[in-house]
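# Close look at the chain arrangement
What follows is the residue order along each chain.
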Amino acid sequence: MYYAVISEDVEDSLSSRASARPAHLARLNALKDEGRLLVAGPHPALDTPEPGDAGFTGSLVIAEFDSLESARAWADGDPYVEAGVYKQVTVKPFKAVLP
């Protein structure tokens, strides 16, 4: 089943994001290589794909896991969590309907 990992950043997270980004992307690429990643990306702080110094307000990952518990465990192991980028992470089951 798919699960949505919805993360909200702390204020001024851009520098912490930058330092943890390679490890964060490596984990996402591992999910992609396993065929389990539906979509992933950040929420820009401004209404533009490149928000510059304004940075991001959070992230969304939708990926396939065996259970809610395994999805939560994966989310808890995100390098952005360890780096203090996220102030809150919510994990919910997700049912893909369209397209």
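Placed above this text is the structure.
What comes next is a walk through the structure. (Residues numbered from 1 in each chain as written. Predicted model: local features only at pLDDT ≥ 70, side-chain atom pairs only at ≥ 80, totals over all residues. Heavy atoms only, no water.)

## Points about the sheet that holds strand β4 (residues 86–94)
Two modes of strand pairing occur in sheets, parallel and antiparallel, and in both the strands are linked by backbone hydrogen bonds. In spatial order, the strands read β2-β3-β1-β4; together these four strands make up an open sheet with antiparallel pairing. A single partner strand is all that each edge strand has here, and the edge strands are β2 (37–44) and β4. The average undirected angle you get between the axes of adjacent strands in this sheet is 10°. Set on the sheet, helix α1 (residues 14–33) makes contact with β1 (2–9), β2, β3 (56–64) and β4; between it and β3 the angle comes to about 10°. Contacts from helix α2 (residues 68–76) reach β1, β3 and β4 within the one sheet, and its direction differs from that of β4 by about 155°. (Pairing = 2+ DSSP bridges. Helix = DSSP H or I, 4+ residues; strand = E, 2+ residues; numbered from the N terminus. Axes fitted to C-alpha atoms, helices over the stretch in contact; angles between N-to-C directions. Contact = heavy atoms within 4.5 Å.)

## Focus: the side chain of serine 13
In this fold, serine 13 is placed in the loop between β1 and α1. If we skip the residues at most four places from it in the chain, serine 13 touches Phe56 and Val85.

## Details of the pattern of salt bridges
On inspection of all chains with the given rule, the structure shows three salt bridges. Between lysine 87 and glutamate 8 there is a salt bridge; the shortest N-O distance is 3.4 Å. Of this pair, lysine 87 sits in strand β4 while glutamate 8 is found in strand β1, placing the two residues 79 residues apart along the sequence. Judged by its relative accessible area of 35%, glutamate 8 falls in the partly exposed class. (Salt bridge = Lys/Arg side-chain N within 4 Å of Asp/Glu carboxyl O. Buried < 20%, exposed > 50% of the residue type's maximum accessible area, 1.4 Å probe, protein only.)

## Some remarks on the pairing of β1
In this sheet, β3 lies alongside β1 in antiparallel orientation, the contact comprising seven bridges. Bridged to alanine 4 within β3 is isoleucine 62. Here β1 pairs with β4 via eight bridges, running antiparallel. Residue pairing across strands places alanine 4 opposite lysine 92, the latter belonging to β4.

## Focus: the nonpolar core
Within the largest apolar cluster, 11 residues are counted, these being Tyr3, Val5, Leu28, Leu31, Val61, Ala63, Phe65, Ala71, Trp74, Ala75 and Val91. Of all the secondary structure elements, the ones that give two or more residues to this core are β1, α1, β3 and α2. With residues near it in sequence (within four places) discarded, alanine 71 still touches Tyr3, Phe65 and Val91. (Core = buried A, V, L, I, M, F, W, Y, C linked by side-chain atoms within 4.5 Å.)

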